[in-house]
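Commentary on secondary and tertiary structure
Letter by letter, the chains look like this.
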Amino acid sequence: MLVLFFLVSLAHAFYANSKHIYELTPKSFDDVVYKTNHTSVVEFYAPWCGYCQQFRSHYIKAAKASSDVAQYAAVNCDLPENKKLCNEYRIEGFPTVLVFRPPKWTGKVTKENGHSSEIYRGERVASKLTEFVKGRVKNYVKRLNARNVAGFVAPKDKPRVLLLTSKTSISPMFKALAIDFLGSMEFGYLTVTDEIRSEVEKYVDVKELPQIVVIDRDGSFHRYEGPTERTAIAEFLGNYGEAEDGETSPRGAFLKGLKKGLKKGLYKSFRDFKKSRSAKSKSAKNAKDEL
Ligand SMILES: *[C@@H]1O[C@H](CO)[C@@H](O)[C@H](O)[C@H]1NC(C)=O
């Protein structure tokens, strides 16, 4: 009976098998949507609704295309446990796509849930939604030029990440990386044109574009040479700074557990998860001290 119920409820969850979309409940909603500096997209749906069924593959496609710049989630409003959540967000029709943006982090403690939300009213097509979401990613990447690059690469108390590029706009994925390392590393990008190239090369070696360079606290340069992919780059940056978010962070591990459903019931919230992590690392440290 219980197994049957489980199967039925899974069949009704549109995105249980989609790698990039979290099916949320009142238990997980705040942890996923509010305890982050990333932008979140949440689709409120009902499995029986025709427009939702039509939109489903587009939503999966959009999440696949831009899960490296924003979080994608869904709430099944047909589930009794989710009814309150759907009322709270005044969901009147299905599907309703809400985009949540965190407040700009200024280095000070801000009150929680200061997020803004807006309804996505564009075409319900993957490419259009992706484009919209990319435009809603907070920017913590400083735009540099030939004059201020010297100050950016000088020794400082925080490591810096510099993107040298031929493009004039900041890539959304690079913005997302800056959010992953918020508070730990400073991010800048510099459009290297032929006119300023020799000026820039006085301070940093431009080999090829695009190029990511870490400037450590002591002013030493470390060039990234791996694939252009958020997690791979984050792993490299993790050698110099600490990720607060993204797949390589404790929060990333929490989200992965949430997605898999394996850890269901194990951690009630992200805070619980963090507590257990620090307890684990403490006991690991104690074990090490004993050697
Ligand atoms: C944003 O990032 C900062 C620095 O890592 C962190 O202190 C703050 O709690 C984050 N904000 C949210 C809403 O998670």
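The structure under discussion appears in the preceding block.
Described in the following lines is the structure provided in the data block. Since the structure is predicted, the reported quantities are computational estimates derived from the model, not experimental observations. (Residues numbered from 1 in each chain as written. Predicted model: local features only at pLDDT ≥ 70, side-chain atom pairs only at ≥ 80, totals over all residues. Heavy atoms only, no water.)

Taken as a whole and judged by the stated rule, the model has 9 salt bridges. Where lysine 156 meets glutamate 186, a salt bridge forms, and the shortest distance between an N and an O atom there is 3.8 Å. Of the two residues, lysine 156 sits in the loop between helix H6 (149-153) and strand E7 (160-165) while glutamate 186 sits in strand E8 (residues 186-191), which places them 30 residues apart along the sequence. As a salt-bridge pair, glutamate 201 and arginine 197 come within 3.9 Å of each other at their nearest N and O atoms. (Salt bridge = Lys/Arg side-chain N within 4 Å of Asp/Glu carboxyl O. Helix = DSSP H or I, 4+ residues; strand = E, 2+ residues; numbered from the N terminus.)

If you check the shell around the ligand, you find Tyr34, Lys35, Thr36, Asn37, Trp105, Leu182 and Glu244 and nothing else. Within the contact set of the ligand, an oxygen atom lies 3.3 Å away from a backbone nitrogen or oxygen of threonine 36. The contact in question runs from an oxygen atom of the ligand to an N or O atom on the backbone of leucine 182, over 3.1 Å. Taken by itself the ligand offers 360 Å² of open surface, and the protein chains cover 64% of this. When the residues that make up the shell around the ligand are grouped by side-chain class, the tally is 3 nonpolar, 2 polar and 2 charged. (Near = heavy atom within 4 Å. Polar contact = N/O pair within 3.5 Å; in protein donor to acceptor, adjacent residues only side chain to side chain. Areas by Shrake-Rupley, 256 points an atom, 1.4 Å probe, with all protein chains shown as cover. Nonpolar A, V, L, I, M, F, W, Y, C, P; charged D, E, K, R; others polar.)

Attention now moves to the state of the cysteines. Enumeration over the complete set of coordinates arrives at 2 disulfides. Covalent S-S linkage joins cysteine 49 and cysteine 52, the inter-sulfur distance amounting to 2.2 Å. A torsion of 95 degrees about the S-S bond marks the disulfide between cysteine 49 and cysteine 52 as right-handed. Judged by relative accessible area, cysteine 52 falls into the buried class, the value being 0%. Here cysteine 77 engages in a disulfide with cysteine 86; their sulfurs sit 2.1 Å apart. Judged by the sign of its S-S torsion, about -90 degrees, the cystine formed by cysteine 77 and cysteine 86 is left-handed. With relative accessibility at 5%, the residue cysteine 86 sits in the buried group. (Disulfide = S-S within 2.5 Å. Buried < 20%, exposed > 50% of the residue type's maximum accessible area, 1.4 Å probe, protein only.)

Turning next to the sheet that holds strand E6 (residues 141-144). The sheet built from 5 strands is open, its strands ordered E6-E8-E7-E9-E10 with mixed pairing. Where the open sheet ends on each side, the last strands, each with one partner, are E6 and strand E10 (221-223). Averaged over all neighbouring strand pairs, the angle between strand axes comes to 25 degrees, with direction disregarded. In the packing of helix H9 (residues 230-237) onto the sheet, the strands contacted are E7, E8, strand E9 (211-215) and E10, and the crossing angle to E9 comes to about 25 degrees. (Pairing = 2+ DSSP bridges. Axes fitted to C-alpha atoms, helices over the stretch in contact; angles between N-to-C directions. Contact = heavy atoms within 4.5 Å.)

Burial in helix H10 (residues 250-260) covers these residues: Arg251, Gly252, Phe254, Leu255 and Gly257. Of the residues trailing H10, glycine 261 is marked for its positive phi of about 75 degrees.

What follows deals with the sheet that holds strand E2 (residues 40-45). With mixed pairing, the 5 strands of this open sheet are ordered in space as E1-E3-E2-E4-E5. On the outer flanks of this sheet lie strand E1 (21-23) and strand E5 (116-119), each paired with one strand and no other. Strand-to-strand twist in this sheet, taken as the mean axis angle between neighbours without regard to direction, amounts to 25 degrees. Pairing analysis gives 3 bridges linking E1 to strand E3 (residues 71-76), with the strands arranged parallel. From the neighbouring strand, tyrosine 22 faces E3, where its bridge partner is alanine 73. With respect to the sheet, H10 is in contact with E1 and E3, its orientation differing from that of E1 by roughly 65 degrees.

Moving on to the side chain of threonine 191. By the element assignment, threonine 191 lies in strand E8. A polar contact of 2.9 Å, which involves the side chain of threonine 191, links it to the backbone oxygen of lysine 167. Apart from the residues lying within four places of it in its own chain, the contact partners of threonine 191 are Arg143, Thr165, Ser166, Lys167, Thr168 and Ile196.

For any pair of aromatic rings, the description rests on two quantities: the centre-to-centre distance and the angle between the ring planes. Counted under the stated rule, the structure contains 18 aromatic pairs. With 5.7 Å between their ring centres and 85 degrees between their planes, phenylalanine 14 and tyrosine 15 make a pair best called edge-to-face. Exposure class is identical for phenylalanine 14 and tyrosine 15. Each is buried. Seen in terms of ring centroids, phenylalanine 174 and phenylalanine 187 are 5.4 Å apart; in terms of plane orientation they differ by 65 degrees. Their pairing is edge-to-face. Highlighted residues: phenylalanine 174 in helix H7 (residues 172-180) and phenylalanine 187 in strand E8, separated in sequence by 13 residues. Sitting over the face of the ring of tyrosine 140, lysine 104 holds its NZ or CZ atom 4.5 Å from the ring centroid. Directly above the aromatic system of phenylalanine 132 lies the positively charged group of arginine 136, at a separation of 4.2 Å from the ring centroid. (Phe/Tyr/Trp six-rings, centres within 6.5 Å; stacked < 30°, edge-to-face > 60°. Lys NZ or Arg CZ within 6 Å of the ring centre and 35° of its normal.)

With that out of the way, let us pick up H7. For an α-helix the count is 3.6 residues per turn, leaving residues at separations of three or four pointing the same way. Within H7, 8 of the 9 residues are buried, which leaves the element mostly enclosed by the surrounding structure. The complete set of buried residues in H7 reads Met173, Phe174, Lys175, Ala176, Leu177, Ala178, Ile179 and Asp180. On its buried side, H7 packs onto E6, E7, E8, E9 and H9.

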